[in-house]
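Listed below, chain by chain, are the residues.
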Amino acid sequence: MREGVRLTDEEGAAQGPKAALPPAAAPPRALADWWRRLRTAPLRLNLALQGGGAHGAFTWGVLDALIEDPRVVFEGLSGSSAGAMNAVVLADGWAKGGRAGAHQGLEAFWTFVGKQMHAGMVRLGKEEMGLSATSRWLATWAGYFSPTQLNPFDLNPLREWLARQIDFERLRAQSPFKLFVGATQANTGKLRIFREHELTLDMLLASACLPKIHRPVSIDGQPYWDGGYSANPAVSPLFYECASRDVLLVLLNPLQREGTPGTVQQIETRMLELAFSANFMREMQMFAKAAEFSATSLLTMGRLERKLQSQRFHMIDSSDVASLQRTETQLLAYGPFLERLRAQGRERALAWLAQHAGSVGRRSTIDLRQWAA
């Protein structure tokens, strides 16, 4: 089987990587061989990638570290907004050149993004950067105008870059992974998941369409906005459509804020965060409750119950990363800031691999009931 190709044996993949236990009286060499196989067993992961504008560069660093580890293989990638961009760019690069191609594709994408902003920044401290007062004022006033007024020609620099760099025809024919790109139907608020076999440029742009900046993206005659409004990201498709039981959540929004927002700016910031994370948290609460409920029916456990009980969740949490604490810096598409986020993402991913790689295929590394309750 090619590296990264979809799994077909659902029950086998569900068990995760295992190595047979050595006999009690095994000679030292047999024990050494068993230990080597255990340490090099594939780490089959599904990735749920959260969106967050420029903060998605943190996920770039996480992916960088994961693809450099030869043990790590992927089955499904789910994402909205910047999470969807990371997922599709990764899949396209992998299809063209394996792990090295994925690395190059992600670097090219974020290098392009980093060239879009060269002014309007201010250093807030030794490790923090933010928008200047003038930039914040302009961003606030922009909220009083429609995309037709602000951007009458619907200019989007990403469109040209993605059209030139991403081979959508190849992905539709032979994507190395299952892709789940989330977008929000603007009229109904319903989540739509676009799959790799149908993926187009417009579908990817729809997933990252912020309605205050860009006009809705029309697909099949229907208007679509950023997928973060309805799922950031969607986790259920990874559960229902993938054989691998291990889901790694790569989060950019803080799970909890200290203190209650008081100023107008703090309230607006928190409202925006909640709007882009409420559906995700509700979905994770559903998984926690469903797993707890299914555990009480051991004698009548069916396929769904067995799958719920074998599901394993892991998380790379960025809640305490200072560079991600300010929501306004999601607009900070500035090269040095993106590189800093990349380095921080790599550091977190390498630490996660060092601490939790042995748990993949065996057990969750977060207590979902405690975390999502």
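Remember, it's a predicted structure, so these values are computed and weren't measured experimentally. (Residues numbered from 1 in each chain as written. Predicted model: local features only at pLDDT ≥ 70, side-chain atom pairs only at ≥ 80, totals over all residues. Heavy atoms only, no water.)

S.K.: I'd like a description of the pattern of salt bridges, backed by residues and values.
M.R.: Pairing between side chains of opposite charge can happen when the charged atoms of each approach one another. For the structure on display, the rule yields 14 salt bridges. The salt bridge involving Arg170 is made with Asp167; its shortest N-O contact spans 3.6 Å. What makes Arg170 partly exposed here is its relative accessible area of 30%. According to the relative accessible area criterion, Asp167 is partly exposed, its value standing at 28%. The shortest N-O distance in the salt bridge between Asp220 and Arg192 comes to 3.3 Å. Of this pair, Asp220 sits in the loop between β7 (217-219) and β8 (222-226) while Arg192 sits in strand β6 (residues 191-195), and the two are 28 residues apart along the sequence. Residue classification places Asp220 among the exposed residues on the basis of a relative accessible area of 62%. By relative accessible area, which is 23% here, Arg192 ends up partly exposed. One salt-bridge network, held together by shared partners, links Asp64, Glu68, Glu107, Glu339, Arg342 and Arg346. (Salt bridge = Lys/Arg side-chain N within 4 Å of Asp/Glu carboxyl O. Buried < 20%, exposed > 50% of the residue type's maximum accessible area, 1.4 Å probe, protein only. Helix = DSSP H or I, 4+ residues; strand = E, 2+ residues; numbered from the N terminus.)

S.K.: Go over the layout of surface pockets with me, naming the residues and quoting the values.
M.R.: Rolled over the atoms, a probe with the dimensions of a water molecule shows which regions are left empty. In this structure, the second largest pocket encloses a volume near 290 Å³. Lining of the second largest pocket is provided by 14 residues; of these, Ala291, Leu308, Gln311, Leu368 and Arg369 occupy positions nearest its centre. Elements supplying a minimum of two residues to the lining of the second largest pocket: α12 (278-294), α13 (303-310) and α15 (368-372). The greatest single-element share of the lining of the second largest pocket, amounting to four residues, is contributed by α12. For the lining of the second largest pocket, the per-class residue count stands at eight nonpolar, three polar and three charged. (1 Å grid on protein atoms, 1.4 Å probe; cavity = no way out; pocket = protein on both sides within 12 Å on 5 of 7 lines; lining within 4 Å. Points joined across faces, edges and corners; volume = space filled by probe spheres on them. Nonpolar A, V, L, I, M, F, W, Y, C, P; charged D, E, K, R; others polar.)

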